[in-house]
Amino acid sequence: LIWCVGTNLTCLLPATKAFKNGMDEWILYGTTGLASILYHLHREPEQALTLLHYDAIRLVDLVLSDMCICWITSYMMFCNVEKRFFFLFLPFEMYYVYASVRYARWIVTFFWVTLALCCIFRNPQHYDKRFLGAGLICSALELLFYEYLSPMYYNWFHGFHHIFGFLGIYLYM
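Residues numbered from 1 in each chain as written. Predicted model: local features only at pLDDT ≥ 70, side-chain atom pairs only at ≥ 80, totals over all residues. Heavy atoms only, no water.

## Regarding the pattern of salt bridges
Filter applied, for reference: Salt bridge, as used here: a side-chain nitrogen of Lys or Arg that lies within 4 Å of a carboxyl oxygen of Asp or Glu. Runs of E in the DSSP output that reach at least two residues are strands. Runs of H or I that reach at least four are helices, and both are numbered from the N terminus. Only protein chains enter the accessibility calculation, which uses a 1.4 Å probe. A residue is then buried if its area is under 20% of the maximum for its type, exposed if over 50%, and partly exposed in between.
The full count for this structure, using the stated rule, is 2 salt bridges. Here Asp55 ties to Arg58 by a salt bridge, and the two come within 3.8 Å at their closest N and O atoms. Taken together, the residues span about one helical turn, with Asp55 and Arg58 both in helix H4 (residues 54–78) at a distance of 3 residues. Given the relative accessible area of 38%, Asp55 is considered partly exposed. According to the relative accessible area criterion, Arg58 is partly exposed, its value standing at 25%. Among the ionic pairs, Asp128 bridges to Arg130, the shortest N-O distance being 2.9 Å. Overall, the relative accessible area of 32% leaves Asp128 in the partly exposed class. What makes Arg130 exposed here is its relative accessible area of 64%.

Here it is, written out as structure tokens:
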């Protein structure tokens, strides 16, 4: 549990970089890490804390995590107009997470990633290929640890999902 909670501190990489660059999304990355810490502290079977309603903090964690994906991909695609897409998408994000719409998170994530990749392939000169490649590798590893390996040894492998997710965002920035 300490590992799983502690790995959320990697949110400080993109949050600090965004803050230093005067970008508002440092708040999103920081609160995503904080929400994940609170979620894992309230999660069964360890349940180190019982201060917050478990389902509520779980949904906050899911929404914020998805919003990080939405934010960074829209930033990579459109630079300064990402806030418009972020706020346009937010109500739908909240609905499908709260309603537990089956496969909605996969479909929306696939949509954002596909859109980002199309923009990258259309304008490859806009991106530093070294950081972009490293970010894509981190994203693939993050997905592997989150979706496939976490069920085996949840806290241990899920912690790597935190590291690769936040490191990927940092590299994309």
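Still to come is the rest of the account.
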